[in-house]
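# Architecture and fold: a report
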Amino acid sequence: MAADFKKGKYRIILASASPRRREILGNMGASFTVLAADADESSSILDPCALTRELAKRKARAALDALIARGEADGAIIIAADTVVACNGEILGKPRDESDARRMLRMLSGNTHEVATGIAVVHEGKIYTDCSLTHVHVDEIPDGQIDSYIASGECNDKAGAYGIQGSFSRWISGIDGCYFGVVGLPVNLLSKLFYSIVGCYPDEI
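Residues numbered from 1 in each chain as written. Predicted model: local features only at pLDDT ≥ 70, side-chain atom pairs only at ≥ 80, totals over all residues. Heavy atoms only, no water.

### Thoughts on the state of the cysteines
A disulfide bridge is the covalent bond that connects two cysteines by way of their sulfur atoms. The cut-off we apply is this: Defined by distance alone, a disulfide is two cysteine sulfur atoms within 2.5 Å. The buried label applies to any residue whose accessible area, calculated with a 1.4 Å probe on protein chains only, is under 20% of its type's maximum; exposed applies above 50%, and partly exposed to all values in between.
The tally for this structure, following the rule as stated, stands at one disulfide. For the unlinked cysteine cysteine 87, the closest cysteine sulfur is that of cysteine 155, found at 16 Å. Given the relative accessible area of 1%, cysteine 87 is considered buried. The structure places no disulfide on cysteine 178, whose sulfur is separated from the nearest cysteine sulfur, that of cysteine 131, by 11 Å.

This is the structure:
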(Lines give C-alpha, C1' and ligand atoms only; values in the text may rest on other atoms or scores of the structure.)
Protein backbone atom coordinates (compact mmCIF):
# COMPACT_ATOMS: atom_id res chain seq x y z
CA MET A 1 0.00 0.00 0.00
CA ALA A 2 1.39 3.44 -0.98
CA ALA A 3 0.66 4.93 2.45
CA ASP A 4 2.78 2.30 4.26
CA PHE A 5 5.67 2.89 1.87
CA LYS A 6 5.57 6.65 2.31
CA LYS A 7 5.32 6.69 6.11
CA GLY A 8 8.41 8.30 7.57
CA LYS A 9 10.03 8.86 4.17
CA TYR A 10 8.46 12.24 3.49
CA ARG A 11 7.13 15.17 5.48
CA ILE A 12 4.73 17.91 4.41
CA ILE A 13 5.61 21.59 4.61
CA LEU A 14 2.85 24.20 4.20
CA ALA A 15 4.40 27.34 2.73
CA SER A 16 1.71 29.67 4.05
CA ALA A 17 1.03 31.72 7.16
CA SER A 18 -2.73 31.69 6.45
CA PRO A 19 -4.72 30.28 9.38
CA ARG A 20 -7.46 29.29 6.92
CA ARG A 21 -5.08 27.15 4.87
CA ARG A 22 -3.65 25.59 8.01
CA GLU A 23 -7.17 24.70 9.17
CA ILE A 24 -8.19 23.20 5.82
CA LEU A 25 -5.04 21.09 5.48
CA GLY A 26 -5.42 19.94 9.08
CA ASN A 27 -9.04 18.99 8.46
CA MET A 28 -7.83 16.86 5.55
CA GLY A 29 -6.05 14.77 8.17
CA ALA A 30 -2.55 15.79 7.09
CA SER A 31 0.38 16.18 9.47
CA PHE A 32 2.54 19.13 8.48
CA THR A 33 4.75 21.98 9.60
CA VAL A 34 4.47 25.60 8.50
CA LEU A 35 7.23 27.49 6.71
CA ALA A 36 6.02 30.80 5.32
CA ALA A 37 8.72 32.14 3.02
CA ASP A 38 8.63 35.61 1.46
CA ALA A 39 8.20 35.78 -2.32
CA ASP A 40 7.85 38.63 -4.77
CA GLU A 41 4.14 38.99 -5.59
CA SER A 42 4.47 41.71 -8.21
CA SER A 43 3.35 40.59 -11.67
CA SER A 44 1.91 41.88 -14.92
CA ILE A 45 -0.09 38.67 -15.47
CA LEU A 46 -3.78 39.50 -15.87
CA ASP A 47 -5.31 36.03 -16.11
CA PRO A 48 -6.38 35.02 -12.55
CA CYS A 49 -5.42 31.35 -12.87
CA ALA A 50 -2.10 32.03 -14.56
CA LEU A 51 -1.32 34.66 -11.93
CA THR A 52 -2.12 32.50 -8.91
CA ARG A 53 -0.24 29.51 -10.32
CA GLU A 54 2.82 31.70 -10.81
CA LEU A 55 2.60 33.23 -7.31
CA ALA A 56 2.03 29.83 -5.68
CA LYS A 57 5.07 28.55 -7.56
CA ARG A 58 7.16 31.46 -6.27
CA LYS A 59 6.09 30.79 -2.69
CA ALA A 60 6.89 27.11 -3.07
CA ARG A 61 10.29 27.94 -4.60
CA ALA A 62 11.09 30.34 -1.75
CA ALA A 63 10.23 27.68 0.83
CA LEU A 64 12.32 25.11 -1.02
CA ASP A 65 15.29 27.50 -1.16
CA ALA A 66 14.98 28.10 2.59
CA LEU A 67 14.98 24.36 3.27
CA ILE A 68 17.96 23.82 0.98
CA ALA A 69 19.86 26.56 2.80
CA ARG A 70 19.20 24.75 6.09
CA GLY A 71 20.08 21.37 4.67
CA GLU A 72 16.52 20.18 5.35
CA ALA A 73 15.13 19.71 1.84
CA ASP A 74 15.41 15.92 1.68
CA GLY A 75 12.00 14.27 2.01
CA ALA A 76 10.13 17.58 2.10
CA ILE A 77 6.90 17.87 0.12
CA ILE A 78 5.96 21.54 -0.04
CA ILE A 79 2.42 22.83 -0.53
CA ALA A 80 1.89 26.49 -1.44
CA ALA A 81 -1.15 28.45 -2.57
CA ASP A 82 -2.22 31.91 -3.67
CA THR A 83 -5.71 33.36 -4.01
CA VAL A 84 -7.01 36.37 -5.93
CA VAL A 85 -10.45 37.77 -6.68
CA ALA A 86 -11.22 39.03 -10.17
CA CYS A 87 -14.19 41.28 -10.94
CA ASN A 88 -15.01 43.32 -14.05
CA GLY A 89 -11.64 42.41 -15.51
CA GLU A 90 -9.69 43.67 -12.48
CA ILE A 91 -7.55 41.58 -10.15
CA LEU A 92 -8.46 42.33 -6.54
CA GLY A 93 -5.79 41.45 -4.01
CA LYS A 94 -5.79 42.34 -0.32
CA PRO A 95 -7.11 45.86 0.36
CA ARG A 96 -4.50 48.51 1.11
CA ASP A 97 -6.78 50.41 3.48
CA GLU A 98 -10.45 51.00 4.33
CA SER A 99 -11.01 53.11 1.23
CA ASP A 100 -9.66 50.35 -0.99
CA ALA A 101 -11.78 47.76 0.82
CA ARG A 102 -14.91 49.89 0.29
CA ARG A 103 -14.13 50.22 -3.41
CA MET A 104 -13.76 46.46 -3.77
CA LEU A 105 -16.90 45.61 -1.84
CA ARG A 106 -18.98 48.06 -3.89
CA MET A 107 -17.62 46.41 -7.03
CA LEU A 108 -18.64 42.96 -5.76
CA SER A 109 -22.10 44.12 -4.63
CA GLY A 110 -24.85 42.81 -6.93
CA ASN A 111 -22.26 41.22 -9.18
CA THR A 112 -20.66 37.88 -10.03
CA HIS A 113 -16.91 37.58 -9.62
CA GLU A 114 -14.23 34.91 -9.91
CA VAL A 115 -11.99 33.54 -7.21
CA ALA A 116 -8.84 31.81 -8.42
CA THR A 117 -6.64 29.79 -6.09
CA GLY A 118 -3.42 28.50 -7.55
CA ILE A 119 -1.65 25.65 -5.80
CA ALA A 120 1.90 24.37 -6.07
CA VAL A 121 3.33 21.10 -4.82
CA VAL A 122 7.08 20.49 -4.66
CA HIS A 123 8.20 16.88 -4.71
CA GLU A 124 11.81 15.75 -5.13
CA GLY A 125 12.84 19.19 -6.36
CA LYS A 126 10.16 19.54 -9.04
CA ILE A 127 7.28 22.05 -8.80
CA TYR A 128 3.81 21.12 -10.04
CA THR A 129 0.94 23.63 -10.24
CA ASP A 130 -2.79 23.78 -10.86
CA CYS A 131 -5.66 26.24 -10.32
CA SER A 132 -9.18 26.22 -8.96
CA LEU A 133 -11.59 28.81 -10.42
CA THR A 134 -14.92 29.51 -8.75
CA HIS A 135 -17.69 31.96 -9.70
CA VAL A 136 -19.28 33.69 -6.71
CA HIS A 137 -22.68 35.44 -6.91
CA VAL A 138 -23.21 38.36 -4.51
CA ASP A 139 -26.44 40.16 -3.64
CA GLU A 140 -26.72 43.94 -3.49
CA ILE A 141 -25.08 45.15 -0.27
CA PRO A 142 -26.41 48.38 1.31
CA ASP A 143 -23.70 51.01 1.80
CA GLY A 144 -24.34 51.05 5.54
CA GLN A 145 -23.71 47.32 5.69
CA ILE A 146 -20.49 47.72 3.74
CA ASP A 147 -19.33 50.29 6.30
CA SER A 148 -20.24 47.96 9.18
CA TYR A 149 -18.44 45.06 7.56
CA ILE A 150 -15.29 47.13 7.08
CA ALA A 151 -15.47 48.35 10.69
CA SER A 152 -15.60 44.74 11.89
CA GLY A 153 -12.10 44.21 10.51
CA GLU A 154 -13.15 40.96 8.84
CA CYS A 155 -12.10 42.23 5.42
CA ASN A 156 -8.49 42.79 6.46
CA ASP A 157 -5.81 40.62 4.86
CA LYS A 158 -8.28 38.92 2.52
CA ALA A 159 -8.27 38.95 -1.28
CA GLY A 160 -11.23 40.96 -2.53
CA ALA A 161 -11.80 42.33 1.00
CA TYR A 162 -13.98 39.45 2.17
CA GLY A 163 -13.98 35.91 3.51
CA ILE A 164 -16.70 33.52 2.36
CA GLN A 165 -16.61 31.64 5.66
CA GLY A 166 -17.47 34.73 7.75
CA SER A 167 -20.38 37.12 8.03
CA PHE A 168 -19.99 38.13 4.36
CA SER A 169 -21.69 34.82 3.55
CA ARG A 170 -25.09 36.43 4.19
CA TRP A 171 -24.77 38.21 0.84
CA ILE A 172 -23.54 35.24 -1.21
CA SER A 173 -26.46 33.76 -3.12
CA GLY A 174 -24.47 30.89 -4.63
CA ILE A 175 -21.19 29.67 -6.07
CA ASP A 176 -20.20 27.68 -9.13
CA GLY A 177 -17.06 25.77 -8.27
CA CYS A 178 -15.10 24.82 -5.17
CA TYR A 179 -16.02 26.39 -1.83
CA PHE A 180 -12.63 25.54 -0.34
CA GLY A 181 -10.95 27.21 -3.30
CA VAL A 182 -12.66 30.44 -2.29
CA VAL A 183 -11.50 29.99 1.31
CA GLY A 184 -7.94 29.52 0.07
CA LEU A 185 -7.06 25.84 -0.41
CA PRO A 186 -9.09 23.71 -2.88
CA VAL A 187 -9.28 20.31 -1.17
CA ASN A 188 -10.33 18.21 -4.15
CA LEU A 189 -7.84 19.74 -6.58
CA LEU A 190 -4.99 19.54 -4.07
CA SER A 191 -5.81 15.91 -3.26
CA LYS A 192 -5.80 14.93 -6.93
CA LEU A 193 -2.59 16.79 -7.72
CA PHE A 194 -0.84 15.42 -4.63
CA TYR A 195 -1.90 11.84 -5.43
CA SER A 196 -0.79 12.15 -9.06
CA ILE A 197 2.66 13.32 -7.95
CA VAL A 198 3.36 11.40 -4.74
CA GLY A 199 1.17 8.31 -5.16
CA CYS A 200 -0.81 8.85 -1.98
CA TYR A 201 -2.98 11.49 -0.29
CA PRO A 202 -1.66 14.10 2.17
CA ASP A 203 -3.10 12.31 5.21
CA GLU A 204 -1.15 9.15 4.27
CA ILE A 205 2.27 10.77 4.68
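The rest of the description comes next.
### Quick notes on the side chain of serine 109
Which entries qualify depends on this criterion: A run of DSSP states H or I qualifies as a helix once it reaches four residues; a run of E qualifies as a strand once it reaches two. Both are numbered from the N-terminal end. Polar contacts, as used here, are pairs of N or O atoms within 3.5 Å; protein pairs need one atom able to donate a hydrogen and one able to accept it. Residues neighboring in sequence count only if both atoms are side-chain atoms. Residue contacts are defined here by distance: any two heavy atoms, one from each residue, within 4.5 Å place the two residues in contact.
Tracing the backbone shows serine 109 in the loop between helix H4 (98–108) and strand S5 (112–123). Here glutamate 140 takes part through its side chain, which lies 3.4 Å from a polar atom of the side chain of serine 109. Those residues in contact with serine 109 that lie beyond four places of it in its chain are Val138, Asp139, Glu140 and Ile141.

### Focus on the pairing of strand S3 (residues 76–87)
So the rule is basically this: Two strands make a pair as long as DSSP finds a minimum of two bridges between them.
Burial analysis of S3 places 12 of its 12 residues in the buried class, the great majority of the element. Of the two faces of S3, the one holding Ala76, Ile78, Ala80, Asp82, Val84 and Ala86 and the one holding Ile77, Ile79, Ala81, Thr83, Val85 and Cys87 are both buried throughout. Sheet analysis places strand S1 (residues 11–14) next to S3, joined by four bridges and oriented parallel. The residue of S3 that forms the bridge with isoleucine 13 is isoleucine 78. The antiparallel pairing of S3 with strand S4 (residues 90–92) creates a hairpin that spans two residues between the two strands, and asparagine 88 there sits at a positive phi of about 55 degrees.

### Considering the layout of surface pockets
To keep it simple, the criterion reads: A cavity here means a set of 1 Å grid points, computed over protein atoms only, where a 1.4 Å probe fits but cannot escape. A pocket is an open set with protein on both sides within 12 Å along at least 5 of 7 lines, and lining residues have an atom within 4 Å of a point. Grid points are joined across faces, edges and corners, and a volume is the space filled by probe spheres set on the points. Residue type decides the class: Asp, Glu, Lys and Arg count as charged, Ala, Val, Leu, Ile, Met, Phe, Trp, Tyr, Cys and Pro as nonpolar, and the leftover types, Gly among them, as polar.
Of the pockets and cavities examined, the largest pocket occupies roughly 810 Å³. Mapped by element, the contributors of at least two residues to the lining of the largest pocket are helix H2 (19–27), helix H3 (48–70), S3, S4, H4 and helix H6 (179–183). Within the lining of the largest pocket, the residues separate by chemical class into 19 nonpolar, eight polar and 13 charged.

### Structural notes on the nonpolar core
The condition is simple: By nonpolar core is meant a set of buried Ala, Val, Leu, Ile, Met, Phe, Trp, Tyr and Cys residues that side-chain atoms within 4.5 Å join together.
Core analysis: the biggest nonpolar cluster contains 46 residues, and Leu25, Ile79, Tyr162 and Phe168 have the highest contact counts within it. By residue number, the principal contributor to this core is helix H7 (residues 187–198), which donates six residues. Apart from the residues lying within four places of it in its own chain, the contact partners of leucine 25 are Ile12, Leu14, Ala30, Phe32, Ile79, Leu185 and Leu190. If you look at the next biggest cluster of nonpolar residues, it comprises 13 residues, including Leu35, Ala60, Leu64 and Ala76.

### Some details on the packing of aromatic side chains
Formally: Stacked, tilted and edge-to-face are the three classes assigned to paired rings of Phe, Tyr and Trp, where Trp is represented by its six-membered ring and a pair needs centres within 6.5 Å; plane angles under 30 degrees give stacked, over 60 edge-to-face, the rest tilted.
Inspection of the entire model under this criterion finds six aromatic pairs. With a centroid separation of 6.0 Å and 80 degrees between ring planes, the pair formed by tyrosine 149 and tryptophan 171 is classed as edge-to-face. Taken together, the residues span a long stretch of sequence, with tyrosine 149 in helix H5 (residues 143–152) and tryptophan 171 in the loop between H5 and strand S7 (172–176) at a distance of 22 residues. Ring plane angle 75 degrees and centroid distance 5.5 Å describe the contact between phenylalanine 168 and tryptophan 171, whose orientation is recorded as edge-to-face.

### Regarding the pattern of salt bridges
Where we set the bar: When a carboxyl oxygen of Asp or Glu is within 4 Å of a side-chain nitrogen of Lys or Arg, the pair counts as a salt bridge.
Using the criterion set out here, one finds 10 salt bridges in the structure. Here glutamate 54 ties to arginine 58 by a salt bridge, and the two come within 2.9 Å at their closest N and O atoms. Of this pair, glutamate 54 and arginine 58 both sit in helix H3, four residues apart, roughly one helical turn. With a relative accessible area of 26%, glutamate 54 lands in the partly exposed category. Between arginine 102 and aspartate 147 there is a salt bridge whose closest N-O contact spans 3.0 Å. Taken together, the positions of arginine 102 in helix H4 and aspartate 147 in helix H5 put the pair 45 residues apart, joining distant regions of the chain.

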